[in-house]
Amino acid sequence: MKITTKINIMTTAWILCVLVAVNVVVFFSFMKVTVNMEDQELYQRANTLIKEMKLDQSTNLVKDQVIPYLAGQSFIRIVEPGSKITHEVTNAKLISAKVKPKFVQKKVAERKTIHQKNGEEEILVIRVPIRSDGKILRSLEIGEKLSGLELAKDVLLSIQISSTVLGALLAMLGGRWLSNLIMRPISNMINTMEDIEQSGIPKKIVIQHETRDELQKMAVTFNRMIGRLEENLEKQKQFISDASHELKTPLTVIKSFADHLLRRGIRNEADALDAIETIHSEATRIQKMTERFLDLAATESATLLETKSLDLVVLCGNISKQLQSAYKRDIHLHFAAPSIMVTADELKLKQAIIILIDNAIKYSTDKIDVFLNVNEQNTVIKVKDYGIGIPEYEIKNIFERFYRVDKARSRETGGTGLGLAIAKNIMKQHHGEVKISSKEGVGTEAELFLPKSERKENE
Ligand SMILES: Nc1ncnc2c1ncn2[C@@H]1O[C@H](COP(=O)(O)OP(=O)(O)OP(=O)(O)O)[C@@H](O)[C@H]1O
Ligand SMILES: [Mg+2]
């Protein structure tokens with residue numbers, strides 16, 4: 001069943017229940033109040049009659065005097081003990097015949113339904129004792145057809161039935177309007193999702209009215225999600241185009257040298273050797289680049305880290321020893337304590353540290369200092385070089401993929417412009433960050449911040 005139909009049925013049913021309950025209460029309250037009023041009115045009439053006709057002393061009902069007390073179709077009787085009528089004046093013999101006399105010691109009111117040829121009739125009978133000299137020897141009985149009440153009851157019932165039917169109809173229309181109001185943005189969203197499913201192209205929902213309700217919030221969240229998706233798709237596209245562009249140069253070089261070898265053969269040995277060397281170095285560059293691409297892809301997603309407790313002093317000692325001997329550069333390690341323990345993914349953290357030291361090696365010629373410090377929140381690994389530095393306006397860009405300050409120089413050094421993007425991703429996976437401060441011509445300080453409190457993976 002469609003949700004609109006469900007909402008419609010539910011609201012109509014609910015409003016119908018409420019209307020019926022209210023009408024029942026109104027009907028019975030009305031009946032009770034009206035009958036009470038009729039009772040009071042008849043009692044009053046009886047008392048006046050007793051007083052005016054001095055019924056406490058006389059047993060006679062003088063017809064002419066009693067007639068004004070007969071309203072509508074009614075009777076007035078005097079009843080003796082043993083429920084015997086002594087006097088009666090009536091203008092509705094049929095009614096009086098149906099109501100048996102009853103002698104009473106205290107006042108009572110009684111409602112009776114009598115069956116006539118032309119249907120049922122409601123009769124109200126009140127009985128009042130007549131006291132004379134402190135004794136009750138007779139009682140007065142007045143009966144009256146409740147024709148006004150019958151009419152009022154019928155009118156009230158018909159009003160209530162028609163108002164309930166009208167209420168149900170309005171509730172149905174209101175329910176339809178309400179369900180359409182709720183469902184319109186949802187249907188809109190479903191249509192957009194189906195469009196996305198069929199075309200495969202992310203598309204946002206058009207928000208027509210600023211309603212600031214949950215449904216608008218849902219649409220805004222959906223659009224934000226689509227926005228992120230579009231951004232990621234755009235980034236992916238950009239990455240593919242940047243990566244192809246990066247690969248194009250070494251591949252062109254390889255192809256042209258291979259062509260040269262094919263055309264000329266290896267007749268000129270020195271020339272051929274030169275070509276082979278170039279092909280080798282460009283192929284190595286492509287190899288390094290593809291490794292970098294894979295590293296970037298591996299650190300891009302929030303994959304689970306294989307964290308363990310490790311000593312940074314030992315880890316950085318090993319790294320600097322390896323790089324020192326490989327690049328023949330002075331790398332000094334300074335540590336605040338003989339052992340600095342951190343919880344991290346060893347391979348990934350090592351990769352981030354190597355990226356910073358590698359940059360220091362590539363972009364400086366002097367010594368390199370590595371500082372290990374611990375402050376209140378973080379363990380900080382700082383790599384400091386005294387090289388060419390980075391212009392201040394470039395610092396915000398160097399974390400972007402494939403961004404190199406000096407493209408020509410980077411080509412010489414073999415940089416792909418991915419190192420810092422990878423280091424940033426690794427630190428993000430560790431809930432930490434990378435910061436770079438630099439002064440052109442003076443040197444660069446690159447810092448890795450590892451938060452001390454171990455946070456949960458899904459935080
Ligand atoms: N210590 C540094 N001194 C001077 N410039 C730096 C330093 N570190 C980074 N840079 C600049 O920032 C750019 C981006 O650095 P990143 O490490 O991301 O790429 P890369 O070193 O060019 O290539 P890759 O690290 O992928 O081999 C570099 O090309 C360089 O211009
Ligand atoms: Mg680098």
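Attention in this report is confined to the structure presented alongside it. (Residues numbered from 1 in each chain as written. Chains lettered and ligands numbered in written order. Predicted model: local features only at pLDDT ≥ 70, side-chain atom pairs only at ≥ 80, totals over all residues. Heavy atoms only, no water.)

Attention now moves to the pairing of strand β9 (residues 368-374). Where strand β7 (residues 331-335) meets β9, 5 bridges bridge the pair, whose relative direction is parallel. When the sheet's bridge partners are listed, histidine 332 is paired in β9 with aspartate 369. With 7 bridges connecting them, β9 and strand β10 (residues 378-385) associate as antiparallel partners. Considered in β10, the bridge of valine 370 is made with valine 383. Linking β9 back to β10 in an antiparallel pair, the connection comprises 3 residues. (Pairing = 2+ DSSP bridges. Helix = DSSP H or I, 4+ residues; strand = E, 2+ residues; numbered from the N terminus.)

Here we come to the pattern of salt bridges. In the structure shown here, the tally under the stated rule is 18 salt bridges. Put simply, aspartate 195 and lysine 203 hold a salt bridge, and the shortest N to O gap is 2.6 Å. By relative accessible area, which is 37% here, lysine 203 ends up partly exposed. Here lysine 308 and glutamate 346 are joined by a salt bridge, their closest N and O atoms 2.8 Å apart. Pair noted here: lysine 308 is in strand β6 (residues 307-311) and glutamate 346 is in helix α8 (residues 346-362), with a separation of 38 residues, a long-range link. Look at glutamate 346 and you get partly exposed, because its relative accessible area is 29%. Within this structure, Arg77, Glu88, Glu110, Lys112, Arg127 and Glu141 form a network of salt bridges that share partners. (Salt bridge = Lys/Arg side-chain N within 4 Å of Asp/Glu carboxyl O. Buried < 20%, exposed > 50% of the residue type's maximum accessible area, 1.4 Å probe, protein only.)

Further remarks concern the sheet that holds β10. Pairing within the open sheet is mixed, and its 5 strands lie in the order β7-β9-β10-β12-β11. Strand pairing shows two members of the sheet lacking a second neighbour, β7 and β11 (433-439), which therefore form its edges. Strand-to-strand twist in this sheet, taken as the mean axis angle between neighbours without regard to direction, amounts to 15°. Each of β7, β9 and β10 touches helix α7 (residues 312-327); the most contacted strand, β7, lies at about 170° to it. (Axes fitted to C-alpha atoms, helices over the stretch in contact; angles between N-to-C directions. Contact = heavy atoms within 4.5 Å.)

What follows deals with the packing of helix α1 (residues 3-52) against helix α4 (residues 147-199). α4 packs onto α1 with a crossing angle of 160° between their chain directions and a minimal axis gap of 8 Å. Classified by the interaxial angle, the pair formed by α1 and α4 is roughly antiparallel. For α1 against α4, the interelement crossing comes out right-handed. For the contact of α1 with α4, the class distribution of residues is 21 nonpolar, 13 polar and 2 charged. (Parallel < 35°, antiparallel > 145°, perpendicular 65-115°, else oblique. Left-handed = near helix turned anticlockwise from the far one by under 90°. Nonpolar A, V, L, I, M, F, W, Y, C, P; charged D, E, K, R; others polar.)

So, on to the pairing of strand β3 (residues 108-116). Of the strand pairs in this sheet, β3 and strand β4 (residues 119-132) are connected by 9 bridges, and their pairing is antiparallel. Looking at the pairing, alanine 109 lines up with isoleucine 126 of β4. Hairpin geometry of β3 and β4 is characterised by an intervening segment of 2 residues between the two adjacent antiparallel strands.

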